[in-house]
Amino acid sequence: MRLVVFGIGYVGLVTGTGLAELGHDVLCIDIDPQRIRQLEDGIIPIYEPGLDDLVRRNVRAKRLTFATQVASPADEADAYFIAVGTPPGPDGAADISAVTSVAERIAEIAKQPALAVVKSTVPVGTCDAVQAILDKKAHVGLEVVSNPEFLKEGTAVQDFFRPDRIVLGARSESAKETLRLLYAPLQLSGERVVVTDPRSSELTKYASNTMLAMRVSFMNELARLCDATGADVHAVRQGVGSDTRIGKRFLYAGPGYGGSCFPKDVQALFHLGRAHGVPMRLAEATHLANEEQATFLAQIVEKAVGTLKGKTVALWGLAFKPETDDIRESPALKLAVALLERGANVVGHDPEAAANFAKAMVQYGTRVKVVDRDYDALDGAHALVLLTEWRSYRAPNFGEIRKRLCDSADDLPPVVVDGRNVWRPQDVMRAGMRYKGIGVPSVALAPDRTSLGALR
Ligand SMILES: NC(=O)c1ccc[n+]([C@@H]2O[C@H](COP(=O)([O-])OP(=O)(O)OC[C@H]3O[C@@H](n4cnc5c(N)ncnc54)[C@H](O)[C@@H]3O)[C@@H](O)[C@H]2O)c1
């Protein structure tokens, strides 16, 4: 098939490249000329494991091309994919202006009947609005299909080729059939397509992300309760997750969820509810609990270090999760701001996201630094906070960490805050530091440095 993808970000670039790999001719369009120039020069503007090889291979095979404008013969495409951003507007509701603007463009250029496939995450009713634009402005028959994207950054390429499910919301049988055909190679090991109407398909995406975010927020609230009561969130998670109705995944307490999807989609869902007079109370509570988690973490650091004024805190992991350079809504951004507000300086390290983090924090000048080598972040810092569980942080040299960190003002050893509960407290303490996890009983070297005492 001849395909055009609008919006070459995390979703568009993976989708376009994946479809080219399946043998289709794909033109990728983005309004950002710099992004297109980079791609034409073989530079992949995002970090996503496995993507660069795939892009290069398909560019070489001339199945994958990039441009800022659609030109012939792409105006005779079989399908136009819309994968532009839908960021939150000022009130938190999804801003779909980029989607409608692409719809206008498709209506102008399409020279033969085709599908307009909405991959962007959009509020219920958006596909109908896009259909109305196409019906009014296009010179040929164009049908809208909702096909929300479920890929996860960090494993996006794998997710494209082995999706858990492919949701299609279409009105006509022929549109359903065309997309079934397109995705058939991804289903050799069994049926993964859920076919429905556009509105149910649009809502499925918000419901999925909110359900996952809800599990995270619930565990974070339980972790706070564990801290207050002396219970251990690891044990609670194991006990709860062993129930097959609940399952073990997505039950990890941590620094709060981030990224370009969960925060905005949870908010968009409760705005959608409000707009229709249906309060989405669980979504609202999920969002609030998540907002509070950065403050909770900053309080943990403050309690352990004492006043943060003039102190330095090292952050390991700035991306919102491992294997991505995406820092949108990352817990590291929120914690850094909370620490800066309390008078601390911040030094960060991340294998891929440091440059994006530095750019986002540029207004804080020299109070925020990033370093190229992980241990260099620790020199002169009073605490280390682990925020993203990159593999390279999983088994650090705690002796080296101890050597580089400073003691607290009241002569307590430095504190390591394990925001992902991945380190063993005894390993940290054996190296002469205090350990604090999220919702796990914390033990620390007491001031006399010989006995173990609770970190309060
Ligand atoms: N990132 C994810 O993990 C993920 C997963 C599933 C769904 N989604 C959804 O997919 C959509 C895209 O997300 P993303 O993370 O890829 O966004 P992104 O911000 O990485 O990329 C969006 C791209 O669209 C381009 N763009 C904006 N307006 C345009 C226009 N009029 N014409 C052409 N290009 C235009 C931008 O320049 C940018 O390169 C969003 O709705 C998001 O919620 C994202």
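So, a few notes on the structure that sits alongside this text. (Residues numbered from 1 in each chain as written. Predicted model: local features only at pLDDT ≥ 70, side-chain atom pairs only at ≥ 80, totals over all residues. Heavy atoms only, no water.)

## Observations regarding the site of the ligand
1) Next: Within the structure, the ligand sits among 27 residues, and Val11, Asp30, Thr86, Glu153 and Lys264 are positioned closest to it.
2) Next: In the environment of the ligand, an oxygen atom lies 3.0 Å from a nitrogen or oxygen atom belonging to the backbone of Tyr10.
3) Next: In the model, an oxygen atom of the ligand is placed 2.9 Å from a nitrogen or oxygen of the Thr121 main chain.
4) Next: In the complex, 87% of the free accessible area of the ligand, which totals 830 Å², lies under the protein chains.
5) Next: Among the elements of the structure, α1 (10–21) and α4 (97–109) are those that each provide at least two residues to the shell around the ligand.
6) Next: Among the elements that make up the shell around the ligand, the one with the highest residue count is α4 (three residues).
7) Next: Across the shell around the ligand, the residue classes tally to 11 nonpolar, eight polar and eight charged.
8) Next: Here the shell around the ligand spans two domains, and each of domain 1 (2–196) and domain 2 (198–456) adds at least three residues to it. (Near = heavy atom within 4 Å. Polar contact = N/O pair within 3.5 Å; in protein donor to acceptor, adjacent residues only side chain to side chain. Areas by Shrake-Rupley, 256 points an atom, 1.4 Å probe, with all protein chains shown as cover. Helix = DSSP H or I, 4+ residues; strand = E, 2+ residues; numbered from the N terminus. Nonpolar A, V, L, I, M, F, W, Y, C, P; charged D, E, K, R; others polar. Domains from an automatic or database assignment.)

## Quick notes on the sheet that holds strand β14 (residues 434–436)
1) Next: What the six strands build is an open sheet, ordered β11-β10-β9-β12-β13-β14; its pairing is parallel. Two strands lie at the open edges of the sheet, namely β11 (368–370) and β14, each paired on one side alone. Adjacent strand axes in the sheet meet at a mean angle of 20 degrees, parallel and antiparallel pairs treated alike.
2) Next: Judged from the three bridges that link them, strand β13 (residues 415–418) and β14 form a sheet pairing that is parallel. (Pairing = 2+ DSSP bridges. Axes fitted to C-alpha atoms, helices over the stretch in contact; angles between N-to-C directions.)

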